[in-house]
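Overview (structure and organization)
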Amino acid sequence: MTDFLSLENKVAVVTGASRGIGRAVALELSRRGAAVVVNYHNSAGPAEELVAQLTAGGGRAAAFQADVSSFEQANALIKFAVDTFGGLDILVNNAGITRDMVIMMMPEEDWDAVLATNLKSTFNCSKAAVKHMMRKRYGRIINIASVAGQMGNPGQTNYSASKAGQIGFTKALAREVAARNITVNALAPGFVDTEILNAMPEGALEAALKMVPLGRMAKPEEVAYAVAFLASDQAAYITGQVLGVDGGMAMM
Ligand code: NAP
């Protein structure tokens, strides 16, 4: 079956695609034929380089700067995708940050920043995207949550709450839009080898990997393959689910 997991003629927006998991997702969706909007916030150079790489390989891609925690900027991002590529089929809510600290020491602004960047962005982009997907009676929304949202993580009350929030959001929206042939799913990665882990204290990663049955971090591509599957026509009957990509860390 040659078109298995093909994304030909699909248009995708990947938030936070300048680096890490988002970058790997953009590469994989493009490799499968989708036109990809590479959203970034601060990393303009890497985002433009990625677009150059995708277009040089014959793909359709464009970069768009937006802070997705802003309702207006998230709307502008979705509008850009529709205006540039003529529609929107796939939204990957990937942009995320950490601001780790035990609750006694956590400043209010670190709580607010993490909730706005990780959770409100998911609302902002999904609300704008669903408008187009409803009309088209087709859509795939994939939210990059985390095992932290399932298991909790000390020093990450803000991050864990944002990720658990994304999971609840995923289930509620999946029920809302199912009748319009739009699926909404979440991924819960464990430890993935990206810059976000640089904030972990010395030795903490080695200790944490002892909780991972497969005994190693994931490569960003290993998350991207799961996104590509959930974005495909073959995943049409899967909605409201949380797929662990965590080396067996959280067996729910
Ligand atoms: P990363 O390497 O630090 O990359 C984060 C990306 O998010 C960057 O492209 C960044 O863009 C973008 N971003 C941050 N704030 C943004 C904003 N306000 N608006 C738009 N884009 C924004 O992190 P990562 O590991 O790839 O993480 C990606 C997602 O996976 C996050 O949601 C994270 O919580 C989740 N996750 C990661 C792991 C892990 O172990 N790595 C595990 C579980 C879940 P700029 O550089 O352009 O600012």
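Source: prediction; values computed, not measured. In every chain, residue numbers begin from 1 and rise along the written sequence. Selection of residues for local features in this predicted model requires a pLDDT of at least 70, selection of side-chain atom pairs for listing and counting requires 80 or more, and totals for whole chains, interfaces and linings are taken over all residues. With hydrogens and water set aside, each side-chain value is computed from the structure's full complement of heavy atoms.

Another aspect to go through is the sheet that holds strand 1 (residues 11-14). For two strands to be treated as a pair, DSSP must find no fewer than two bridges joining them. By the criteria applied, helices consist of DSSP H or I runs no shorter than four residues and strands consist of E runs no shorter than two, each listed in order from the N terminus. Strand order in the open sheet formed by seven strands is 3-2-1-4-5-6-7, with parallel pairing between adjacent strands. Edge strands, defined here as strands with exactly one partner in the open sheet, are strand 3 (61-65) and strand 7 (242-245). Neighbouring strand axes in the sheet, compared pairwise and without regard to direction, differ in orientation by 20° on average. In terms of strand pairing, strand 1 meets strand 4 (residues 90-93) through three bridges, oriented parallel. Note that in strand 4 the partner of Ala-12 across the bridge is Ile-90. Across the face of the sheet, helix 2 (residues 44-56) comes into contact with strand 2 (35-40) and strand 3 while running at roughly 165° to strand 3. Angular values range over 0 to 180 degrees, each being the angle between N-to-C directions of two axes fitted as lines to C-alpha atoms, with helices fitted over their stretch in contact. Contacts were defined at the residue level, with two residues in contact if any of their heavy atoms lie within 4.5 Å.

In the contact formed by helix 4 (residues 108-136) and helix 6 (residues 157-177), the axes pass within 8 Å of each other and the chain directions differ by 15°. For the element pair helix 4 / helix 6, the angle class is roughly parallel. The two elements helix 4 and helix 6 meet at a crossing, and its hand is right-handed. In this structure, helix 4 contributes Asp-110, Trp-111, Val-114, Leu-115, Asn-118, Leu-119, Thr-122, Phe-123, Ser-126, Val-130 and Met-134 to the contact, and helix 6 contributes Thr-157, Asn-158, Tyr-159, Ala-161, Ser-162, Lys-163, Gly-165, Gln-166, Phe-169, Leu-173 and Val-177. Here the word oblique covers every angle except those under 35 degrees (roughly parallel), over 145 (roughly antiparallel) and from 65 to 115 (roughly perpendicular). Two helices crossing with the near one rotated counterclockwise from the far one by less than a right angle form a left-handed crossing, whereas a clockwise rotation gives a right-handed crossing.

Excluding glycine, a negative phi dihedral is what most residues carry, and trans is how most peptide bonds are arranged. In this structure, Leu-5 takes a positive phi of about 65° despite not being glycine. Counting through the fold element by element, Leu-5 comes out in the segment before strand 1. Burial classes: relative accessible area under 20% of the type maximum marks a residue as buried, over 50% as exposed, and values in between as partly exposed (1.4 Å probe, protein chains only). Relative accessible area serves as the criterion here: at 13%, Leu-5 is assigned to the buried category. Here Asn-181, not a glycine, exhibits a phi torsion of approximately 65°, which is positive. Looking at the element boundaries, Asn-181 is found in the loop between helix 6 and strand 6 (182-189).

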